[in-house]
Amino acid sequence: MQINRNFQKIESSYLFSNIAKRVREYKAAHPDKADDVISLGIGDVTRPLAPAVIEAMHKAVDEMAHAETFRGYPPEYGQDFLLEAILENDYRARGVELSKTEIFVSDGAKSDCGNIGDIFSTDNVVAVCDPVYPVYVDTNVMSGRAGDKTETGWSNIVYMPCTAETGFLPELPKRHVDMIYLCFPNNPTGMAASAEQLKRWVEYANREGAVILFDSAYEAFITTPGVPHSIYEIEGAKTCAIELRSFSKTAGFTGVRCGYTVVPHDLKKDGVELNAMWARRQATKFNGVSYITQRAAEACYSPAGKRQIRETIDYYRKNAKTIYEGLKDCGFTVYGAVDSPYVWLKTPDGMGSWDFFDLLLQNMQVVGTPGEGFGPSGEGYFRLTAFGSAENTEKAVARIRAYFAK
Ligand code: PLP
């Protein structure tokens, strides 16, 4: 018997476990300050679900209580009512025509980001933005596509640096790549990509025969006019891109769990529709999303649901502005916040990102995320999130201001 040895290549201390450990140790050493610690670190939401969502869930629970309306296994790819709401609101409203068979409802974008690799050869060359959501790299390490760990990252992964020098956008790779993970608005930098920039990627992928895995988990935070919410707003994307979406940050579903993946029928490799492959994969390894959850997701698209969700996003956006402006006033170089719940800042005086983490924790009792945890080019940067309460966000920013004013 042999185990999958690729798992042993992954560092056991995942970024957020490492952060939690440091916070635990700090609290144990400073019990008088333990209650003062404010986390602007992990990207989880804090506002409750929208009333329209709660109402839909209660109704669905009641349906499950009666034999006539009880539901067993859900359809593998999503209930018609949810697929129709997605098509109408997320796509048709933006001029994109897709069919119900191109949408696959799931338990969230993280699973789909990780599982999508099942339909691709392990010989493919993967390209990722650097820094980026760590799941893209780690799941490719597990499946054996990443090679070996080196001082500058994984040997078979092509890193596309996204730093101040590149305007936090990736440049087209100088070599051929097969699978390109793009995440816009980006986690962690908070930067969005314009239609012009995405067009270059779609042209590149179609020319090279590559597939773009477009993660738009944060599209609901886009405010800049003209910034695409979907890769399919770009002509030619249906022959080269898979899109991953989530209700987590849009509607506070981090605990409810719902997302979806779009695989257009026009996307073919080796004469095979990737849509058929993903359908086969999901039907074999996934048993659908609960009826209650899908009714909850559908409610996000009702007029009341849309209004309530917008209010919550505006609440987080206000927090993002508070952090962004507060830090800017202190003399920090800050990015993001406009189309995103994330604020990305340059650490002062070239300080290492973990050193800056310790400085904030020890002196201001504020927890953020060291940029280095998101990839080699994240070193020297730091991420703060807008998902806390307005009160805690203001308190944290006031402490940062007071400390750096000294
Ligand atoms: N994609 C990105 C870029 C994320 O930052 C996250 C969560 O933080 C996810 C996907 C995960 O989304 P979900 O909660 O739908 O699994």
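The coordinates are above.
First, a word on what this report is: a plain description of the structure on this page. Given the structure is predicted, the values throughout are model-derived calculations rather than measurements.

For the largest pocket, the calculated volume is near 930 Å³. Lining of the largest pocket is provided by 40 residues; of these, Pro134, Val137, Asp138, Lys149 and Trp154 occupy positions nearest its centre. Counting residues per element, the ones that place at least two in the lining of the largest pocket are helix H1 (15–29), helix H4 (109–115), strand S3 (126–130), helix H5 (135–142), strand S4 (149–150) and strand S5 (153–154). With six residues, H5 is the single largest residue contributor to the lining of the largest pocket.

Across all of its chains, the model carries 18 salt bridges by this definition. Measuring nitrogen to oxygen at the nearest pair gives 3.6 Å for the salt bridge that ties aspartate 148 to lysine 9. Of this pair, aspartate 148 sits in the loop between H5 and S4 while lysine 9 sits in the segment before H1, and the two are 139 residues apart along the sequence. Residue classification places aspartate 148 among the partly exposed residues on the basis of a relative accessible area of 48%.

Counted residue by residue, strand S9 (residues 241–246) has six buried out of six residues, so it is predominantly covered. The alternating pattern of S9 places Ala241, Glu243 and Arg245 and Ile242, Leu244 and Ser246 on opposite faces, both of which are buried. As defined by bridge partners, strand S8 (residues 211–215) adjoins S9 across four bridges and the pair is classed as parallel. Residue aspartate 215 lies in a different strand from S9, and its bridge partner there is leucine 244. Pairing geometry for S9 and strand S10 (residues 259–262), over four bridges, is antiparallel. Bridge pairing in S10 links glutamate 243 to valine 262.

It is worth spelling out the sheet that holds strand S13 (residues 334–336) at this point. Across the sheet, which stays open at both edges, the four strands sit in the order S13-S14-S17-S16 with antiparallel pairing between neighbours. Each of the sheet's edge strands pairs with one partner strand only, and the pair in question is S13 and strand S16 (369–370). In this structure, strand S14 (residues 342–346) lies alongside strand S17 (residues 381–385), joined through five bridges in antiparallel fashion. Within S17, the residue paired with valine 343 across the bridge is leucine 384.

Where helix H11 (residues 353–364) meets helix H12 (residues 390–404), the closest approach of the two axes is 11 Å, and the angle between their N-to-C directions is 100 degrees. One finds that H11 runs roughly perpendicular with respect to H12. For the pair H11 and H12, the contacting residues are Phe356, Leu359, Leu360, Asn363 and Met364 in the first and Arg399, Ile400, Tyr403 and Phe404 in the second. For the contact of H11 with H12, a count of residues per class yields seven nonpolar, one polar and one charged.

What counts, and at which threshold
Residues numbered from 1 in each chain as written. Predicted model: local features only at pLDDT ≥ 70, side-chain atom pairs only at ≥ 80, totals over all residues. Heavy atoms only, no water. 1 Å grid on protein atoms, 1.4 Å probe; cavity = no way out; pocket = protein on both sides within 12 Å on 5 of 7 lines; lining within 4 Å. Points joined across faces, edges and corners; volume = space filled by probe spheres on them. Helix = DSSP H or I, 4+ residues; strand = E, 2+ residues; numbered from the N terminus. Salt bridge = Lys/Arg side-chain N within 4 Å of Asp/Glu carboxyl O. Buried < 20%, exposed > 50% of the residue type's maximum accessible area, 1.4 Å probe, protein only. Pairing = 2+ DSSP bridges. Axes fitted to C-alpha atoms, helices over the stretch in contact; angles between N-to-C directions. Parallel < 35°, antiparallel > 145°, perpendicular 65-115°, else oblique. Contact = heavy atoms within 4.5 Å. Nonpolar A, V, L, I, M, F, W, Y, C, P; charged D, E, K, R; others polar.

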